[in-house]
Amino acid sequence: MAAARLGRRQSLSASRSMPAPQTSGNQCLTKRVGSGDKDLGSERIPAPLRDTRLCLLTLLSPPLSSAAPISPAEPISQAYSLALYMQKNTSTLLQTYLRYQGSPFSDPGFSAPELQLSSLPPATAFFKTWHALDDGERLRLAQGAFLALTQHLQLVGDDQSDLNPGSPILLAQLRAARLRAQGLLGNMATIMTALGLPIPPEEDTLGLVAFGASAFERKCRGYVVTREYGHWTDRAVRDLALLKAKYPA
């Protein structure tokens, strides 16, 4: 009797110390039926077959919906139309500017191509080099130029408000030119986005400005800006014409 009791106690102690069996996720799956879950229990799916099913589900699942890519044709066409409109007004702006500055600027046939600004890139370039530019470089150069022009036109407008406060026509034309340059800048950013090109960060192209510049120096500065505005607009028309032919609507 004592031996039997001892045997039962050892058997009970052993059963208590044994860890409970763990159910591996690889051994059975839970199938959802209606609003409840049903354990398949004895219906075990081997891991390789389950992995195969998961792979098939991954391959057959539709991709996540995303916004449709922007076609570059429309923003290129819009930018081209704006550049053509700007081109019709650039010579008027330059002539109006020269007329209000007095001699020698207002003298017939005045031209000073040697005058340049280090903060404003020139629009001139060798044709072969210009024609060989890829889309990214072409747009980057134009974008940088019109960013600089918007800032320089603001400075020229401030100068002329001081030098020629009684010239509303000139001041209005300078404001309109700056707004159009900003509009073209926005069009170019949209084109670059549509082509998957990075948009350069906006920079202060003016740098340090000498507020003590003489009236003549400020008139020369304004002449260079209005002249280069026309040259860069001419170049933008050519740039956008190439892109328009490359990405037709």
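Residues numbered from 1 in each chain as written. Predicted model: local features only at pLDDT ≥ 70, side-chain atom pairs only at ≥ 80, totals over all residues. Heavy atoms only, no water.

Caption draft 1: Molecular detail of the packing of aromatic side chains. Under the defined criterion, the tally for this structure stands at four aromatic pairs. Between the aromatic rings of Phe 127 and Trp 130, the centroid separation amounts to 5.6 Å while the plane-to-plane angle is 40 degrees, which identifies the pairing as tilted. With Phe 127 and Trp 130 both in helix α4 (residues 127–131) and three residues apart, the pair spans about one turn of that helix. Under the relative-accessibility criterion, Trp 130 is labelled buried at 8%. An aromatic cluster of at least three residues, connected via ring pairs, comprises Phe 105, Phe 110, Phe 216 and Tyr 223. Above the face of the Trp 130 ring, Arg 138 is positioned so that its terminal group lies 5.0 Å from the ring centre. (Phe/Tyr/Trp six-rings, centres within 6.5 Å; stacked < 30°, edge-to-face > 60°. Helix = DSSP H or I, 4+ residues; strand = E, 2+ residues; numbered from the N terminus. Buried < 20%, exposed > 50% of the residue type's maximum accessible area, 1.4 Å probe, protein only. Lys NZ or Arg CZ within 6 Å of the ring centre and 35° of its normal.)

Caption draft 2: Highlighting the packing of helix α3 (residues 73–101) against helix α6 (residues 168–194). The contact between α3 and α6 brings their axes to 9 Å, and the two run at 155 degrees. Considered as vectors, α3 and α6 are oriented roughly antiparallel to each other. In the crossing of α3 with α6, the sense of the turn from one axis to the other is left-handed. Split into classes, the residues belonging to the contact of α3 with α6 amount to 16 nonpolar, nine polar and one charged. (Axes fitted to C-alpha atoms, helices over the stretch in contact; angles between N-to-C directions. Parallel < 35°, antiparallel > 145°, perpendicular 65-115°, else oblique. Left-handed = near helix turned anticlockwise from the far one by under 90°. Nonpolar A, V, L, I, M, F, W, Y, C, P; charged D, E, K, R; others polar.)

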